[in-house]
Amino acid sequence: MRYCDFCVMPDSRPGIKFTTLNDGRLKCSACVNHENKQKIDYKARFKELEALCDKHRGRNGSNDYDCAIAVSGGKDSHFQVHIMKEKLGMNPVLFSVEDNFTMTQAGKSNLRNLSQEFGCHIISLKPNIKTQKALMLYTFKKYGKPTWYIDRLIYSYPFAMAAKFNTPLLIYGENVSYEYGGHDSAETPSAKDIFLNGVASDIDLSGVDIDPKDLQLFYDPASSNYIDSLEPIYLSYFIKWNSYSNYIFAKSRGFSDLKSEWDRTHTIEDFDQVDTIAYTVHAWMKYPKFGHATATDYASRLVRYGLLDRAKAIELVKERDHALDPRCVEDFCNFIGISKSEFWKIIESHYNLDIFAKNEFGEYKLKYEIG
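I would appreciate a short explanation of the overall build of the protein in the present structure.
Along the protein, the regular secondary structure elements total 15 helices and nine strands. On C-alpha atoms alone, the protein measures out to a radius of gyration of 20 Å, which is about the 21 Å that the 2.2 N^0.38 rule sets for 371 residues. Each principal axis of the C-alpha atoms in the protein carries an extent, and together these give about 70 × 55 × 40 Å. The buried share of the protein, reckoned over its 371 residues, is 56%.

Put into structure tokens, the structure is as follows:
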């Protein structure tokens, strides 16, 4: 297990690539991609985006929707709506998927603020809770992916709705593989391959008793007969993407963080994935499987953005990355209907013994020290 010498990301992150420089230092693909942004003509790319919008503008009549945006209500959603509606003059419809967990006060406020501040309709899916619970328990136990059902819908639902509303221009935020390291790391404006980024890739569901009739919006759009009619894009291709700058912008437009509500033990920030309590169990699950989690993710971003030095990032990762917040655990267990002891037993089954070892107290510790 090796670590990037420029940020704090380990090479155990799925799909990330490391380059050995002439001086022997290691540089991850996310840091390479971030550096390469300095060479991109974003003015020219924004003109490409303007031309794309002109192609779709008013396609359903002067007063109807002409594009769609996949949103959660978070900081990036605020920025995306600002760009598409206020900067480019489009008339978007917003599609959102709720995860049915207990909402934070910030989460309740932010989805409403998105509509009120920018004057947009939000069509939100509340998934079938019975199906969600069954699938979540199954994918948690077998794959260590507790929110896979929700994540799949976050991708597939906007595709389905964009087809129904004849708004083929569908906006997603960033290509997470390109921005942060992953399998689908080619820089491209098209989000047609969004299912390849590892978050919601196909998995075998044959071992769970689910009625196919309950999975109407739960599919791979690439296998449907209308995928070629859609034009999903990553906004991050056309605009120099910076999730912290998006947060600062969103705050200026009424976005609420968790600063006065909740200090999560496993994160180093209070503004990302703040909508519900239990959802970040999903993001933390990278820790037992790959030896890094949300603290590493954001520490690496902030180092790349020049907002945090690497020494401090290492300190924060060691302090926070492993420490899944007990409030998340409690809310997740209450929702799915399992005990905390069963929860941690499932977690234990997913520890990667190539990078973890048990100490004398029965605790799993990384074999490799970041430095």
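Explanation requested: the nonpolar core in the structure shown.
As a rule of thumb, nonpolar side chains are buried together in soluble globular proteins. Met-84, Leu-169, Tyr-172, Phe-332 and Phe-343 are the most contacted members of the largest nonpolar core, which has 105 residues in total. The biggest single contributor to this core is helix H6 (residues 148-164), with nine residues. Setting aside anything within four residues of it in sequence, one finds Leu-169 in contact with Leu-52, Cys-53, His-56, Asp-66, Cys-67, Ala-68, Met-84, Met-90, Glu-231 and Ile-233. With nine residues, the next largest nonpolar core counts Cys-4, Met-9, Phe-18 and Cys-31 among its residues.

In this structure, what is going on with the packing of aromatic side chains? I would like to understand it.
The description of an aromatic ring pair uses the distance of the two centres, along with the angle that the planes make with each other. On inspection of all chains with the given rule, the structure shows 25 aromatic pairs. On the numbers, 5.3 Å between centres and 70 degrees between planes, the contact of Tyr-287 with Phe-356 is edge-to-face. Of the two residues, Tyr-287 sits in helix H11 (residues 286-290) while Phe-356 sits in strand S8 (residues 356-358), which places them 69 residues apart along the sequence. Like Phe-356, Tyr-287 is buried.

In this structure, what is going on with helix H9 (residues 243-252)? I would like to understand it.
It helps to recall that an α-helix has 3.6 residues per turn; residues three or four apart then point in one direction. Of all the positions in H9, only Ser-243, Asn-246, Tyr-247, Phe-249 and Ala-250 are classed as buried. Taken around the axis of H9, the buried residues stretch over an arc of 165 degrees, which confines them to a single face. On its buried side, H9 packs onto helix H3 (75-87), helix H4 (105-118), helix H7 (176-180) and helix H12 (294-304). Taking the backbone nitrogen of Tyr-244 as reference, a side-chain oxygen 3.0 Å away marks Asn-242 as the first, capping residue of H9. Phi for Gly-254, located one or two positions after H9, is positive at around 100 degrees.

Any chance you could explain the pairing of strand S3 (residues 67-71) here in plain terms?
Side chains on a regular strand alternate between the two faces of the sheet. Of all five residues that make up S3, five are buried, and the element is covered over most of its length. By the alternation rule, side chains of S3 split into Cys-67, Ile-69 and Val-71 and Ala-68 and Ala-70, which are all buried. Pairing analysis gives five bridges linking S3 to strand S4 (residues 92-97), with the strands arranged parallel. The residue bridging Ala-68 from the neighbouring strand is Val-93, located in S4. Tracing the backbone out of S3, into H3 and back to the parallel element S4 gives a crossover that is right-handed. As defined by bridge partners, S3 adjoins strand S6 (residues 169-172) across two bridges and the pair is classed as parallel. Counterpart to Ile-69 in the pairing with S6 is Ile-171.

When you look at the pairing of S6 in this model, what are you seeing that I'm missing?
Covered by surrounding structure in S6 are Leu-169 and Ile-171 together with Leu-170 and Tyr-172, the residues of both alternating faces. Where S6 meets strand S7 (residues 231-234), four bridges bridge the pair, whose relative direction is parallel. Residue pairing across strands places Leu-169 opposite Glu-231, the latter belonging to S7.

Cut-offs applied
Residues numbered from 1 in each chain as written. Predicted model: local features only at pLDDT ≥ 70, side-chain atom pairs only at ≥ 80, totals over all residues. Heavy atoms only, no water. Helix = DSSP H or I, 4+ residues; strand = E, 2+ residues; numbered from the N terminus. Rg over C-alpha atoms; globule rule 2.2 N^0.38 Å. Buried < 20%, exposed > 50% of the residue type's maximum accessible area, 1.4 Å probe, protein only. Core = buried A, V, L, I, M, F, W, Y, C linked by side-chain atoms within 4.5 Å. Contact = heavy atoms within 4.5 Å. Phe/Tyr/Trp six-rings, centres within 6.5 Å; stacked < 30°, edge-to-face > 60°. Arc of directions from axis to C-beta. Polar contact = N/O pair within 3.5 Å; in protein donor to acceptor, adjacent residues only side chain to side chain. Pairing = 2+ DSSP bridges. Right-handed = clockwise from strand over helix to strand, strands pointing away.

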